[in-house]
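Structure at a glance
Here's the letter readout for the chains.
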Amino acid sequence: MTTESAAAAARATVYGYPRQGPNRELKKAIEGYWKGRVTAGALRATAAELRRANWLQLAGAGIDEVPTGDFSYYDHVLDTTVMVGAIPDRHRDAVAADPLDGYFAMARGTQDVAPLEMTKWFDTNYHYLVPELGPDTVFTADSARQVTELREALGLGLAARPVLVGPVTYLLLAKPAPGAPADFEPLTLLDRLLPVYAEVLADLRAAGAEWVQLDEPALVQDRTPAELSATGRAYRDLGALADRPKLLVASYFDRLGEALPVLAKAPVEGLALDFTEAAAAHLEELAAVGGLPRKRLIAGVVNGRNIWVNDLETSLATLGTLLGLAGRVDVAASCSLLHVPLDTAAERDIEPPILRWLAFARQKTAEIVTLARGLTRGTGAITAELAANRAALASRATSPITRDPAVRARAGAVTDADAHRSQPYAERVTVQRAHLRLPLLPTTTIGSFPQTGELRTARADLREGRIDRAGYEERVRAEIREVISFQERTGLDVLVHGEAERNDMVQYFAEQLTGYLATRHGWVQSYGTRYVRPPILAGDITRPEPMTVRWTAYAQSLTERPVKGMLTGPVTMLAWSFVRDDQPLGDTARQVALALRDEVNDLEAAGTSVIQVDEPALRETLPLRAGDRPAYLAWATEAFRLTTGGVRPGTQIHTHMCYAEFGDIVRAIDDLDADVISLEAARSHMQVARELATHGYPREAGPGVYDIHSPRVPSVREAAELLRTGLKAIPAERLWVNPDCGLKTRGWPETRSALRNLVAAARTVRGEL
Ligand code: GLN
Ligand code: ZN
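Values in this document were obtained by computation on a predicted structure and should not be read as measured data.

**A few points about the site of ligand 1**
- Near ligand 1 you find 13 residues, and of these I446, G447, S448, P616 and G742 are the closest.
- Residues that form the shell around ligand 1 fall into these classes: six nonpolar, four polar and three charged.

**Looking at the UniProt feature "binding site: Zn(2+) 1" (unreviewed entry) in the chain**
- The UniProt entry lists H656, D671, E680 and C741 under the feature "binding site: Zn(2+) 1" (unreviewed entry), expressed in the numbering used here.
- Secondary-structure assignment places E680 in the loop between β20 (676-679) and α26 (687-694).
- In this structure E680 comes out as buried when scored by C-beta crowding, with 25 C-beta atoms within 10 Å.
- Along the chain, C741 turns up in the loop between α27 (716-729) and α28 (748-767).
- Here C741 is in contact with I446, C658, E680, G704 and I708, once residues within four sequence places are set aside.

**Considering the sheet that holds strand β12 (residues 495-496)**
- Spatially, β12-β17-β18-β19-β20-β21 is the arrangement adopted by the six strands of the open sheet, whose pairing is parallel. The sheet terminates laterally at β12 and β21 (700-703), the two strands that pair on one side only.
- Pairing geometry for β20 and β21, over four bridges, is parallel. Residue pairing in the sheet places V676 in a bridge with E700 of β21.

**A short note on the environment of E385**
- Tracing the sequence through the fold places E385 in helix α15 (residues 383-398).
- E385 gets classed as partly exposed once you count the C-beta atoms within 10 Å, which come to 18.
- The spacing of E385 and T370 is 15 residues in sequence and 7.4 Å in space, taken between C-alpha atoms.
- Beyond its immediate sequence surroundings of up to four residues, E385 is in contact with L312 and T370.

**Concerning the sheet that holds strand β11 (residues 326-333)**
- Taking strand neighbours across the sheet as the criterion, the seven strands line up as β1-β5-β7-β8-β9-β10-β11 in an open arrangement whose pairing is parallel. Of all the strands in the sheet, the pair left with one neighbour each is β1 (66-68) and β11. With strand direction ignored, the average angle separating the axes of adjacent strands in the sheet is 30°.
- Judged from the three bridges that link them, strand β8 (residues 246-250) and strand β9 (residues 270-274) form a sheet pairing that is parallel. Along β9, the bridge assignment pairs L248 with G270.
- Sitting on the sheet, helix α12 (residues 312-323) touches β10 (292-302) and β11, and the angle it makes with β10 is about 175°.

**Brief notes about the packing of α12 against helix α14 (residues 361-377)**
- Where α12 contacts α14, the two axes come as close as 10 Å, and the packing angle between them is 50°. Between α12 and α14, the angle is such that the two are oblique. Remark: the crossing between α12 and α14 carries right-handed chirality. Side by side, α12 and α14 meet where L312, S315, L316 and L319 of the first sit next to E367, T370, L371, G374 and L375 of the second.

**A short note on helix α1 (residues 25-34)**
- Along α1, the residues classified as buried are L26, A29, I30 and Y33. Along α1, the residues classed as buried sweep out an arc of 95° about the axis, all on the same side.
- Check the buried side of α1 and you find it contacts α2 (40-60).
- The first or second residue beyond α1 is G36, which carries a positive phi of 85°.

**As for unusual backbone geometry**
- A positive phi angle, close to 85°, is found at F253, a residue other than glycine.
- Within the secondary structure layout, F253 lies in the loop between β8 and α10 (259-265).
- The backbone of A278 sits at a positive phi, close to 50°, despite the residue not being glycine.
- In this fold, A278 is placed in the loop between β9 and α11 (279-288).
- With 18 C-beta atoms packed within 10 Å, A278 lands in the partly exposed category.

**Considering the packing of helix α18 (residues 453-463) against helix α19 (residues 469-490)**
- Running from N to C, α18 and α19 point in directions that differ by 165°, and their axes come no closer than 9 Å. Considered as vectors, α18 and α19 are oriented roughly antiparallel to each other. Here the hand of the crossing between α18 and α19 comes out left-handed. Across the interface between the two elements, L455, A458 and L462 of α18 pack against R469, Y472, R475 and E479 of α19.
- For the contact of α18 with α19, the per-class residue count stands at four nonpolar, no polar and three charged.

**As for the UniProt feature "active site" (unreviewed entry) in the chain**
- Per the UniProt record, the feature "active site" (unreviewed entry) sits at H709.
- Residue placement: H709 occurs in the loop between β21 and α27.
- The exposure class of H709 is partly exposed, given the 13 C-beta atoms found within 10 Å.

**Focus on the pairing of strand β19 (residues 652-657)**
- Counting buried positions along β19 yields six of six residues, so the element is predominantly enclosed.
- The alternating pattern of β19 places Q652, H654 and H656 on one face and I653, T655 and M657 on the opposite face, and all of these are buried.
- Here five bridges tie strand β18 (residues 610-614) to β19, and the two strands are oriented parallel to one another. Bridge pairing links D614 to H656 in β19.

**Some thoughts on the confidence of the model for the chain**
- On average, residues of the chain carry a pLDDT of 96, and 99% of them reach 70 or more.
- Across residues 1-6 the pLDDT falls below 50, and counting only partners more than four positions away or on other chains, this stretch makes 10 contacts in the model.

**Observations regarding helix α17 (residues 425-436)**
- When the terminal C-alpha atoms of α17 are compared, their 16 Å separation across 12 residues agrees well with the 16 Å that a helix rising 1.5 Å per residue should span.
- R428, V429 and Q432 are the residues of α17 that are buried. One face of α17 carries all of its buried residues, which in axial projection span an arc of 105°. Among the exposed residues of α17, those pointing more than 90 degrees away from its buried face are A426, E427, T430 and A434.
- Lining the buried residues of α17 we find β19.
- Backbone geometry just after α17 places R437 at a positive phi near 45°.

**A look at the nonpolar core**
- If you look at the biggest cluster of nonpolar residues, it comprises 219 residues, and the most contacted ones within it are L263, A299, V331, I368 and L723.
- The dominant element in this core, judged by the number of residues it contributes, is helix α23 (residues 585-605), at nine residues.
- Residues in contact with V331, not counting those within four places in the same chain, are A10, A12, A299, V301, L319, I368, L371, A372 and L375.

**Thoughts on the environment of N306**
- Structurally, N306 is set in the loop between β10 and α12.
- In this structure N306 comes out as partly exposed when scored by C-beta crowding, with 18 C-beta atoms within 10 Å.
- As a C-alpha pair, N306 and E661 span 355 residues in sequence and 28 Å in three-dimensional space.
- Setting aside chain neighbours within four positions, we find N306 in contact with F578 and D581.

**Quick look at the environment of A9**
- Topologically, A9 is positioned in the segment before α1.
- Given 13 C-beta atoms within a 10 Å radius, A9 is considered partly exposed.
- The sequence separation of A9 and D602 amounts to 593 residues, and the corresponding C-alpha distance is 60 Å.

Parameters at a glance
Residues numbered from 1 in each chain as written. Chains lettered and ligands numbered in written order. Predicted model: local features only at pLDDT ≥ 70, side-chain atom pairs only at ≥ 80, totals over all residues. Near = placed C-beta within 6 Å. Nonpolar A, V, L, I, M, F, W, Y, C, P; charged D, E, K, R; others polar. UniProt positions renumbered as here; feature names shortened; annotations may be inferred. Helix = DSSP H or I, 4+ residues; strand = E, 2+ residues; numbered from the N terminus. Buried ≥ 20, exposed ≤ 12 C-beta atoms within 10 Å, placed from the backbone. Contact = placed C-beta atoms within 7 Å. Pairing = 2+ DSSP bridges. Axes fitted to C-alpha atoms, helices over the stretch in contact; angles between N-to-C directions. Parallel < 35°, antiparallel > 145°, perpendicular 65-115°, else oblique. Left-handed = near helix turned anticlockwise from the far one by under 90°. Arc of directions from axis to C-beta. pLDDT = per-residue confidence, 0-100. Expected span 1.5 Å × (residues − 1). Core = buried A, V, L, I, M, F, W, Y, C linked by C-beta atoms within 7 Å.

Set out below in structure tokens:
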């Protein structure tokens, strides 16, 4: 061991912290700024105060090195775009005129200019703004924000480490700019980008940074040899710079795999690795490269994206092993704490014994500090923490909440037949046609109708006790009457009840299933100023009573036309929640599936002949590494089939997914054995229909002909044109007519016009068949 000794005190650190503030002050300030109620100066002051409070809190809790530059007004990838000067041409004037307004224009668009595309940050529920790069992109360094935030933290007398998105990940996350060749590979811009990073590093060094962290999560995905060699080149070049801080390359969300030897060899001073996902494999990989004897290793042993208390003894054992493998070992969360809520102490409705099972950002910080102390001074220095931790883990492991014998017996008795319908699709389809007697090109919607201000008020009134349950339910029924009558008048073929009773498609069910916990303040950033409160899958899942049947049955009692039952599928119920870490995901999915299966069967018994089970998250939870995907798809599709496998052949099962690219999972979608699928397609001109056709998808499908993400009303001509395009890929007997997704974010006026046009388009095209 050369420069650093293993006996040095282990340092506690994190890569990022929730940005919003304890009461979502940042959201309020930004939205206030957008509405003109908060000045730019006031917004900046709020932001600076939130950063300061976070740093002081982290330092006060014992974090030795705080992150800087992890703060953002909207998204840290967009901030990186600004840092490297890759402003899209269409935004240049706005950014030049006013950097802050130009920034928000890139994030959200304006009346005239489209925003950057937004997409999911790896397999989390955070969304980033996709950089647009082309052969003409010129990078220029703008380190101002990073330097300012570093100075702020240093000014508080803290040891601070700027965190940047690494150059390789930045390029791999980008897409070809409009006008660039579609097959343009942004990674080819690496040599142009590196000098800009060099400049930023030099600026940070000059401002006092000892270390700078470069985040390279893209390296935990399968990478080509060319990408790996570009990575090697990038860090050779940055490492060779004369005037630079020490470099820490951080990876998270999975193991590094083939990228580990590349980074181990690179002339950088530190690596940060995730030891929560695939920890054992990661340790083996590390041993196989001979460890990192001359590097600082930051061990992400506290899960940064789930909310369970850490198993401190297991983490200490991992850290102990790592001591033998690296020049110096420090302790961190596996990734930025951006992905978890702030503080369990805010949760007054969760019983204290259960609250002790949970760790949000604040509690995780304490765990990291405890682990660093235990690593440096031995377990004797943390006996009280270890005892409390052991007690919390034992209480969770033995609780009747996490172990319900009846649920376990039922899940254990599931047979292959349970996960299969009694007749194959080809036979069911005849029974269903005879039974439903729908026209060709049947029209329907995806489920939700506009969530009006009155509905939200009604829910708030119920919560605050201003109306009672009966009063609330009458308001929901009134809405259902309105929605049904509108659909009848408009001439839709398969109706929906409109989901007026649902606050959210996951939370609504989570609140009714035992085993799920809801939080009051557990906000997590989804994108920009949008925060979600994912429920927590804490225990074994049961459905004490039917969840949707009376609403669907009520809607059906108002009309002769079929009303489609509407449920959220098991994979989505997991994907948009915090999941159990004490059993395989597939086991949790199976429990949720069995609860939903009862709901599906009850809907059928109540006379529902069409039932939709939404799985918009099926693709987004696809594992990052291809090798892990078959196992995931196996349990995911089984859970869907278990949910829907108990109905009669004549009952038509629909599913819905809201994305346009999914060529890689068409097989899995077929494995769901649903009868009808609806998908997003309007913006991509029915691309989805062609993909289904290319893959020989044999079932009925409704590629959306109405883009519900925009208030724009499609004309009859436009919708008809999309249908004709769809017909080139999918025969009329199997083509449905529907919007891209639910209408809950739309207003009534545009919804009315758009659905009228959609029905008119279906009639027009039927007339041409
Ligand atoms: N049925 C849901 C709705 O219409 C589906 C939402 C979704 O796909 N995200 O709102
Ligand atoms: Zn959707």
